[in-house]
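Now for the letters of each chain:
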Amino acid sequence: MRPSRFAVPLLLALVPVLVPAQGRQLTDADYARAVKFLPQNTEPLVDHDVQKATWLDDTHFWYRDHDAAGDHFMEMHAAAGKAAPAFDQAKLAAALGNASGKPLDAKKFPRAFDFRVLPDGKLDVTLGETVYRCDLSGKGVCTDRAKLLKTGSEPGVLSPDGKLEAFVRNWNLWMRDVATGKETQLTSDGVKDYGYATDNAGWVHSDGAIVKWSPDSKKIATYRQDQRGIAEMYTVRIGVGHSKLDAWPYPLPGDRKVFMIEPVVIDVATHRLVRLKMAPEQRLSTLCDDIDCRDDGHWSDVKWAPDNKTFAIVSTSRDRQHETFRIANAETGDVRSAFEFTARDYYESGHGRVNWQYLPEKDQAIWPSEQTDWANLYLYDLKTGRRLRVITTGEGNVAEVLHLDRATRTLWFVGVGRTGGVNPYYRQFFKVDIDTGKTTLLTPEDADHGIEMSPDGKYFVDAYSTPTTPPVTVLRASDDGHVIATVAKADIARLKAAGWVPPIPITVKARDGRTTLYGMMFKPTNFDPAKKYPIVDYVYPGPQTGSVRGRSFLASRGDNQSLAELGFIVVAIDGMGTPWRSRSFHHYWYGNMGDNTLPDQVAGIKQLAQRYPWIDLTRVGIWGHSGGGNATADAMFRYPDFFKVGWAESGNHDNRNYENDWGEKYQGLLVTHKDGTTNDDNQANQLIAKNLKGRLMLVHGAIDDNVPISNTYLVVDALIKANKDFDMLILPNQHHGYGDDTPYVTRRRWDYFVKYLAGDTPPHEYALPPQPK
């Protein structure tokens, strides 16, 4: 995000409640101690924390190691289990610095760094949004690839053989030769709002392409997207002189016109375009709120046959309840419907990845469903459309299918909740025989396992950890999970020396008094059990994720520990309605998004206060961002006698003002009754804003192109009409994330809880360090 010199936050205090602070005076030193526990300060203190590996080919992967001396980029040969430097870091840093005009520290590469090795040994290095072609032979030279090859700089989707990129230019699909830069136009009839491969839908409006390459890199499955006549969303960027208006298609729940796509297949050699013989369908996914669920430019619900002749495509109804599994002939465009599936509430094909599989060699498909209350896999006959057998059984979910071996008919998947006695959120890795259902656990350690599998499925990198124990990263064989080599063992000695303490895993009972909920608690490092502490609830209600931020090791979970340092107990609880558990748990408040897990938050905090006498139940605060901002305002309105202070950032306070494929999935299609009320009224914060009693801050980026600022203004308008005191902070020229304004917003939030919840006085205008790049 490009910073603006006009991005100065505007504070509007509307009818302020003047409550003088009481208690202690916090100092700059107190805030400096809190700053120590922000992620940018704790993460560098964890040595050998390798939780991500990137496979270069079937037998080599690279990873970034780190210790007190800095970053070390390593490449491991899987068969040998040996690692060596991936490249000459000093030479590459110097060459990139010369090319970009910005010096680069050889021991501290930016986070937004990636590379791949070309057949001639050169590197294509991605640094931020720019791709550099680097030759490290001799002195080492890097050049902006677009300038070197005299090509455009549009982001491309790489073909399986690594030789071609597909990209969008002027509403048409193009192809670029990676080695030479030669560009070829593949379609010519694309026009504004009716173009090819467009990654543009509601909150997503990028310049990237969405395609699915055939395995032989000779064909591309994509679509022509019709967004003509769709109502627009607007933002206004300010500066000296005329403001800049941005407008783009953004359908809302109930809108008649929504994004429609017309699937096509393009032969990259002949440029022949085949339109599939099927009606235009909605631009929806079996899993996420985009059709590229991995954010990698690939159409998630299209899967090619190994012989490149056919592919499967799954179509989703607007209410997200009905799926149609279709087979398309890439040569003729003929399409047949193999089977249909209807789910209660809404259908999801996985947890993090689209899991259905196409097995054309046997005219079969693997289909995930939650029909037993858990996400399991089933084998279907594509000739009859009938279910043949159950592949996986029992409690726990198949979260992500990572590999399918068609020859042995073996499938590898990440599962949760499938092993008794293990935290139900811990990811584990399994393989299953498709025909017998025999399932083997490959990662037996009682921990959360992050898996990166080799393209051929013979190896996988396993980084396992818990929220309180640092990761061990190993290379394993996929046949039985045995360890081939240890990649890294994290060392937190320097982190502990800086005063770090781990979060405290907690369990409480849900609103029903029976269901166990899992969460995290953060206490000040100078905790005094004789004191009474106000408690702050960090909330994200889902339904696509929760409050805890995963179960792997993190040196910091946001700024939870930092806030605790200022004299608070901070908690994060994954309530009912969040994912990874059973279908009934996840769908608990389908059609009632105003629930926002709040009954569970209240029940959990009350139990913690009974368990720990140092929690002051008379001083409860809550905060969150996006869905968490919505939940925060909701909490202040629905439970005004329980939550005393709330900080609501960028909330989707009424999902009728958010993109249609979100609310229509989790709330149901919009229905307006004869009296003018709707089925969406139960989630509209402005309708209950009159109940506010405590102190509420509403924050929003003025050019938020994800959750439009109108969501916050609806609540503001209702609060004014109800004659309620509240605070508001609008960030000019900032989006859904706050960019360079983040430190300011964070400091203001700390001040807000210190002053109004703890009754203390914050230091005057303490300056947090700039946001790391």
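Preceding block: the structure.
Model, not experiment: these values are computed from the prediction.

Engineer: Before we move on, can you summarise the overall build of the protein with the specific residues and values?
Structural biologist: Tallying secondary structure elements over the protein gives 12 helices and 47 strands in all. Radius of gyration (C-alpha) of the protein: 26 Å, near the 28 Å computed for a compact globule of 773 residues. When the backbone C-alpha atoms are referred to their principal axes, the protein occupies close to 75 × 70 × 65 Å. Of all 773 residues assigned to the protein, the portion counted as buried reaches 58%. Excluding contacts between residues fewer than 6 apart, the proportion of contacts in the protein whose partners are at least 24 apart in sequence is 60%. Accessible area of the protein: about 31,000 Å², with a carbon and sulfur share of 52%. Within the protein, one finds 92 positive and 98 negative side-chain charges whose respective centroids are separated by 1 Å.

Engineer: A description of the state of the cysteines should follow, citing residues and the corresponding values.
Structural biologist: Scanning the entire structure with this criterion turns up 2 disulfides. Each sulfur of the disulfide joining Cys-134 and Cys-142 lies 2.1 Å from the other. Its torsion about the S-S bond being 115 degrees, the disulfide of Cys-134 and Cys-142 is classed as right-handed. Like Cys-142, Cys-134 is buried. Disulfide partner of Cys-288: Cys-293, at an S-S distance of 2.1 Å. Given an S-S torsion of about -85 degrees, the disulfide between Cys-288 and Cys-293 has left-handed geometry. Accessibility assignment for this pair places Cys-288 and Cys-293 in one class, buried.

Engineer: Explain the environment of Ile-451 residue by residue, including any values.
Structural biologist: Position of Ile-451 among the secondary structure elements: in strand β36 (residues 448–453). For the pair Ile-451 and Val-461, spaced 10 residues apart in sequence, the C-alpha to C-alpha distance is 5.7 Å. In this structure, Ile-451 is in contact with Leu-402, Val-414, Phe-429, Thr-443, Phe-460, Val-461 and Asp-462, ignoring residues within four places of it in sequence.

Engineer: Before we move on, can you summarise the nonpolar core with the specific residues and values?
Structural biologist: In a soluble, globular protein the nonpolar side chains are often hidden away together inside. Ile-569, Val-571, Phe-637, Phe-643, Leu-696, Leu-698 and Leu-719 are the most contacted members of the largest nonpolar core, which has 45 residues in total. Dropping the residues within four chain positions of it, Val-571 is found in contact with Ile-506, Met-520, Met-521, Ile-535, Val-536, Asp-537, Tyr-538, Ile-605 and Leu-608.

Engineer: Can you break down the sheet that holds strand β38 (residues 472–477) residue by residue, with the values?
Structural biologist: Pairing within the open sheet is antiparallel, and its 4 strands lie in the order β36-β37-β38-β39. The open sheet has two free edges, formed respectively by β36 and β39 (483–489), since each of these has just one partner strand. Along the sheet, successive strands turn relative to each other by an average axial angle of 20 degrees, direction set aside. With 5 bridges joining them, β38 and β39 adopt antiparallel strand pairing. Of the residues in β39, the one forming a bridge with Leu-475 is Ala-485.

Engineer: Got a sec to walk through the packing of aromatic side chains? Specific residues and values, please.
Structural biologist: The final tally for this structure, using the stated rule, is 45 aromatic pairs. Taken together, a centroid distance of 6.0 Å and an interplanar angle of 45 degrees make the contact between Tyr-346 and Tyr-590 tilted. Taken together, the residues Tyr-346 in the loop between β27 (335–342) and β28 (357–359) and Tyr-590 in the loop between α7 (583–586) and α8 (598–611) connect sequence positions 244 residues apart. For the cation-ring pair, Arg-224 lies above Tyr-194, with the distance from its terminal atom to the ring centre recorded as 3.6 Å.

Engineer: Describe in detail the environment of Pro-743, supporting the description with residues and values.
Structural biologist: Relative to the assigned elements, Pro-743 resides in helix α12 (residues 742–756). On the basis of relative accessibility, which here comes to 11%, the residue Pro-743 falls in the buried class. In this structure the C-alpha to C-alpha distance between Pro-743 and Pro-769, which are 26 residues apart in sequence, comes to 6.7 Å. Excluding residues within four positions of it along the chain, Pro-743 makes contact with Leu-768, Pro-769, Pro-770 and Gln-771.

Engineer: Could you give an account of the pairing of strand β32 (residues 397–405), with specific residues and numbers?
Structural biologist: Summarising burial for β32: 7 of the 9 residues are buried, a large majority. The hairpin formed by β32 and strand β33 (residues 410–416) contains 4 residues between the paired strands, and Arg-409 there has a positive phi angle of roughly 55 degrees.

Engineer: Let's hear about the sheet that holds strand β4 (residues 70–77): which residues, and what values?
Structural biologist: The 4 strands are arranged β2-β3-β4-β5 in an open sheet whose pairing can be described as antiparallel. Among the strands making up the open sheet, the edge pair consists of β2 (54–55) and β5 (82–85). One ladder, built from 8 bridges, connects strand β3 (residues 60–67) with β4; its direction is antiparallel. Each residue of the ladder has a partner; that of Arg-64, found in β4, is Phe-73.

Engineer: If you had to explain the pattern of salt bridges to someone new, which residues and values would you point to?
Structural biologist: One pass over the full model with this rule turns up 53 salt bridges. One salt bridge in this structure joins Arg-116 and Asp-124, with 3.8 Å as the shortest N-O distance. For Asp-124, a relative accessible area of 4% puts it in the buried group. The closest approach of N and O atoms between Asp-634 and Arg-638, which form a salt bridge, is 2.4 Å. Note that Asp-634 and Arg-638 are positioned in helix α9 (residues 627–638) at a spacing of 4 residues, about one turn of the helix. Salt bridges sharing partners connect three or more residues here, namely Arg-116, Asp-124, Arg-133, Arg-145, Glu-154, Glu-165, Arg-169, Arg-176 and Glu-183.

Calculation notes
Residues numbered from 1 in each chain as written. Predicted model: local features only at pLDDT ≥ 70, side-chain atom pairs only at ≥ 80, totals over all residues. Heavy atoms only, no water. Helix = DSSP H or I, 4+ residues; strand = E, 2+ residues; numbered from the N terminus. Rg over C-alpha atoms; globule rule 2.2 N^0.38 Å. Buried < 20%, exposed > 50% of the residue type's maximum accessible area, 1.4 Å probe, protein only. Contact = heavy atoms within 4.5 Å. Areas by Shrake-Rupley, 256 points an atom, 1.4 Å probe, with all protein chains shown as cover. Lys, Arg positive; Asp, Glu negative; His and termini not counted. Charge placed at Lys NZ, Arg CZ, Asp CG, Glu CD. Disulfide = S-S within 2.5 Å. Core = buried A, V, L, I, M, F, W, Y, C linked by side-chain atoms within 4.5 Å. Pairing = 2+ DSSP bridges. Axes fitted to C-alpha atoms, helices over the stretch in contact; angles between N-to-C directions. Phe/Tyr/Trp six-rings, centres within 6.5 Å; stacked < 30°, edge-to-face > 60°. Lys NZ or Arg CZ within 6 Å of the ring centre and 35° of its normal. Salt bridge = Lys/Arg side-chain N within 4 Å of Asp/Glu carboxyl O.

None of this, on its own, says anything about what the molecule does.
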